[in-house]
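# Structure assessment
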Amino acid sequence: MAKKKKNTNNEISTQPSKKLPFLQSLTISTALFLSLFALLIRVLVSLGPYSGQAAPPKHGDYEAQRHWMEITIHLPPSDWYRNSTENDLLYWGLDYPPLSGYQSWVHGMILNATVPESVELGSSRGFESHESKLVMRWTVLLSDLIFFFPSALIFIWVYSKSNFGEEKSFMWLLAMILLNPGLILIDHGHFQYNCISLGLTLGAISAILSDCEILASVLFTLAINHKHMSLYYAPAFFGYLFGKCLKSKYPIIHVIKLGFVVLATFALVWWPYIHSLDSFLEVISRLAPFDRGIYEDYVANFWCSTSILIKWKRLFNIQPLKIMSLISTIFTFLPSMVQQVKYPSKLGFLYSLLNSSFSFYLFSYQVHEKSILLPLLPVSLLALKEPQLYALFILYALLSMFPLIIRDKILLQYIAIISLFFLIFFLPAKSKKIKGNKIYPKNIFWFLPFLGFVILHVIYLFLKPPEKYPYLFEALIMILCFSQFLYFAFYSNKKQWILSRFVSEKKDL
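Scoring rules and cut-offs
- Residues numbered from 1 in each chain as written.
- Predicted model: local features only at pLDDT ≥ 70, side-chain atom pairs only at ≥ 80, totals over all residues.
- Heavy atoms only, no water.
- Helix = DSSP H or I, 4+ residues; strand = E, 2+ residues; numbered from the N terminus.
- Rg over C-alpha atoms; globule rule 2.2 N^0.38 Å.
- Buried < 20%, exposed > 50% of the residue type's maximum accessible area, 1.4 Å probe, protein only.
- Contact = heavy atoms within 4.5 Å.
- Areas by Shrake-Rupley, 256 points an atom, 1.4 Å probe, with all protein chains shown as cover.
- Lys, Arg positive; Asp, Glu negative; His and termini not counted.
- Charge placed at Lys NZ, Arg CZ, Asp CG, Glu CD.
- Phe/Tyr/Trp six-rings, centres within 6.5 Å; stacked < 30°, edge-to-face > 60°.
- Lys NZ or Arg CZ within 6 Å of the ring centre and 35° of its normal.
- pLDDT = per-residue confidence, 0-100.
- Axes fitted to C-alpha atoms, helices over the stretch in contact; angles between N-to-C directions.
- Parallel < 35°, antiparallel > 145°, perpendicular 65-115°, else oblique.
- Left-handed = near helix turned anticlockwise from the far one by under 90°.
- Salt bridge = Lys/Arg side-chain N within 4 Å of Asp/Glu carboxyl O.
- Patch = residues over 30% accessible without salt bridge, like charges linked within 9 Å, V, L, I, M, F, W, Y side chains within 5 Å.
- Disulfide = S-S within 2.5 Å.

Another aspect to go through is the overall build of the protein. Within the protein one finds 21 helices and two strands. At 23 Å, the protein has a C-alpha radius of gyration in line with the 23 Å of a compact globule built from 509 residues. Overall, the protein is about 85 × 65 × 55 Å in size when its C-alpha atoms are taken along their principal axes. When each of the 509 residues of the protein is scored for burial, the buried share is 56%. Taking contacts inside the protein between residues at least 6 apart in sequence as the whole, the part at least 24 apart equals 79%. When the accessible area of the protein is evaluated, it comes to approximately 23000 Å², of which 69% is carbon and sulfur surface. For the protein, the distance from the average position of its 45 positive side-chain charges to the average position of its 30 negative side-chain charges is 17 Å.

In this description, a pair of aromatic rings is defined by centroid distance and the angle of the planes. If you walk through the whole model with that rule in mind, you get 39 aromatic pairs. Ring plane angle 75° and centroid distance 5.1 Å describe the contact between Tyr 62 and Phe 191, whose orientation is recorded as edge-to-face. Of this pair, Tyr 62 sits in helix H2 (residues 61–74) while Phe 191 sits in helix H6 (residues 181–191); the two residues are 129 residues apart in sequence, bridging distant segments of the chain. For the pair Tyr 62 and Phe 191, a shared accessibility class is recorded, and that class is buried. Over the ring of Trp 92 we find Lys 58; its NZ or CZ atom is 5.1 Å from the centre of that ring.

Below, the discussion takes up unusual backbone geometry. Here the residue pair Pro 56 and Pro 57 is connected by a cis peptide bond, since its omega of 10° sits within 30 degrees of zero. Considering the arrangement of structural elements, one finds Pro 57 in the loop between helix H1 (28–46) and H2. If you check the backbone angles, Lys 409 has positive phi at about 60° while not being a glycine. Its place among the elements puts Lys 409 in the loop between helix H18 (402–408) and helix H19 (411–426).

Moving on to the confidence of the model for the protein. Taken over all residues, the pLDDT of the protein has a mean of 90, while the share at 70 or more is 90%. Residue range residues 1–22 is modelled with pLDDT below 50. Its contacts to residues more than four positions away, or to other chains, number 46 contacts. Of the regions scoring below 50 in pLDDT, residues 429–434 engages in 15 contacts with residues more than four places distant in sequence or in other chains.

Between H1 and H6, whose axes approach to 8 Å, the crossing angle comes to 45°. With respect to H6, the axis of H1 lies oblique. Along this stretch, H1 crosses H6, giving a crossing that reads as right-handed. Contacts between H1 and H6 involve Ile 41, Arg 42, Val 45 and Ser 46 on the former and, on the latter, Leu 183, Ile 184, His 188 and Gly 189.

Another point: the pattern of salt bridges. All told, the structure shown has 10 salt bridges when counted by the stated rule. In this structure, Glu 282 and Arg 82 form a salt bridge, with 3.0 Å as the shortest nitrogen-oxygen distance. With a gap of 200 residues between them, Glu 282 in helix H11 (residues 277–287) and Arg 82 in the loop between H2 and helix H3 (98–114) connect regions that are remote in the sequence. On the basis of relative accessible area, Glu 282 is assigned to the partly exposed category, the value being 22%.

Attention now moves to helix H16 (residues 373–381). Across the nine residues that make up H16, a large majority, nine, are buried. Residues of H16 that are buried include every one of Leu 373, Leu 374, Pro 375, Leu 376, Leu 377, Pro 378, Val 379, Ser 380 and Leu 381, and no others. At its buried positions, H16 is contacted by helix H4 (130–161), helix H5 (170–178), H6, helix H7 (194–209), helix H15 (346–363) and helix H17 (387–400).

Here the focus is a nonpolar patch on the surface. Taken together, the side chains of Trp 271, Ile 274, Leu 277, Phe 280, Leu 281 and Ile 284 make up a nonpolar region of the molecular surface, amounting to roughly 580 Å² of accessible area. The topology assignment puts Leu 281 in helix H11. Judged by relative accessible area, which is 44%, Leu 281 ranks as partly exposed.

The next subject is the state of the cysteines. Counted under the stated rule, the structure contains zero disulfides. For Cys 481, which is in no disulfide, the shortest distance to another cysteine sulfur is to Cys 304 and amounts to 12 Å. A relative accessible area of 0% means that Cys 481 is categorised as buried.

Following this line, the structure appears as structure tokens:
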């Protein structure tokens with residue numbers, strides 16, 4: 001009797017067993033079931049508090065979104081980014097690109113038709129009611145259903161047809177994408193509309209995998225024009241598309257074609273602002289708030305984590321910090337982008353998305369803790385290839401946002417969504433057939449940080465920091481998460497460059 005071959009790779013328990021056929025079958029009914037289940041989870045999370053609830057005078061992101069609806073439905077687009085008596089930019093002034101303003105207008109019209117007093121110009125500042133909360137929550141749910149859910153379903157279909165999607169657990173992958181705890185907690189708990197820009201980006205990724213490069217360019221340009229943080233992915237898109245153009249029969253024509261599509265899409269979105277230089281610059285100034293400093297709060301990136309030893313804000317003015325941040329970001333995403341220019345491949349593109357978003361999160365200027373959602377998207381798409389990386393990244397991404405979760409008073413939702421996510425992650429553990437890449441050389445290297453993950457949750461909840469160091473626990477969380485994110489970035493970059501060997505050998509990826 002032949003011996004069973006020993007698996008030398010690190011195996012992660014993610015293969016659906018025969019007892020769980022609903023995670024194996026790629027069918028419309030199964031996808032619909034998972035989508036409805038993911039929607040139900042979002043509804044349950046949205047029943048809890050939101051950012052800044054009953055916390056005047058400025059409340060939080062919920063009030064910011066409500067205020068933008070108020071401004072956009074009462075003022076012309078030319079005044080959305082202009083400081084005036086009716087639009088005090090010091091009170092939650094609109095600081096996202098025009099497409100985000102159009103989204104606020106659409107949602108503002110819905111709110112105006114249902115709870116008009118919640119968006120009355122000037123008098124509705126800080127407005128809160130059960131009815132307005134209900135309508136606002138439904139605008140996020142509808143945005144998720146319109147943008148993120150279809151993009152996730154299309155991605156799974158495209159991925160299942162690709163020649164690197166040989167694994168059979170596509171419904172498990174769909175569950176991992178739709179039940180991303182970070183996105184659910186921030187959009188439906190804290191209150192934001194990341195599902196729109198991430199949904200557009202995911203649509204663009206699916207278009208890339210389907211060789212629909214013009215559609216990909218349009219969708220990704222729209223994502224940038226909804227939230228400019230989508231630029232985190234720009235090096236990956238540029239590297240892959242430029243690399244494909246260079247390998248085509250008529251490279252110059254392909255570059256011009258894609259460039260025209262991008263510029264035309266930008267022009268369409270920016271139409272109210274491109275007729276006047278002053279209007280254009282007013283928008284740009286709102287998108288680049290350099291005066292806020294290189295970091296805020298205790299975000300787990302390079303500048304904030306190293307500020308414990310190097311007081312960046314004291315030693316340098318804004319201008320040199322901008323330059324250092326720019327150079328650091330370019331230097332760290334350049335290897336990933338160059339790899340795609342030289343060896344463009346679809347699997348390499350997914351890794352490049354992760355690597356470029358890591359670079360921006362770790363080294364760019366004015367990063368928020370919620371920006372970790374950007375690298376979370378591509379790592380979720382790689383969950384079948386990198387299950388261990390995805391599981392660990394989810395843990396530390398959530399830990400990095402834990403102080404925000406406590407401020408928003410959504411701890412119950414946090415515990416419930418993590419428990420549900422990992423229940424599904426490990427539920428089909430019986431057969432242990434998915435071979436996950438080993439990201440740590442020894443188990444001790446992942447166990448010790450995980451122990452810190454558990455301990456920091458406990459001490460943050462039940463202990464008080466010393467009076468001399470009131471933010472000690474936030475700093476410890478930041479340092480632990482930064483160390484793990486940095487390691488994940490090194491690992492992912494290495495994995496992407498390993499793919500170059502297969503591409504150069506003409507193995508289609």
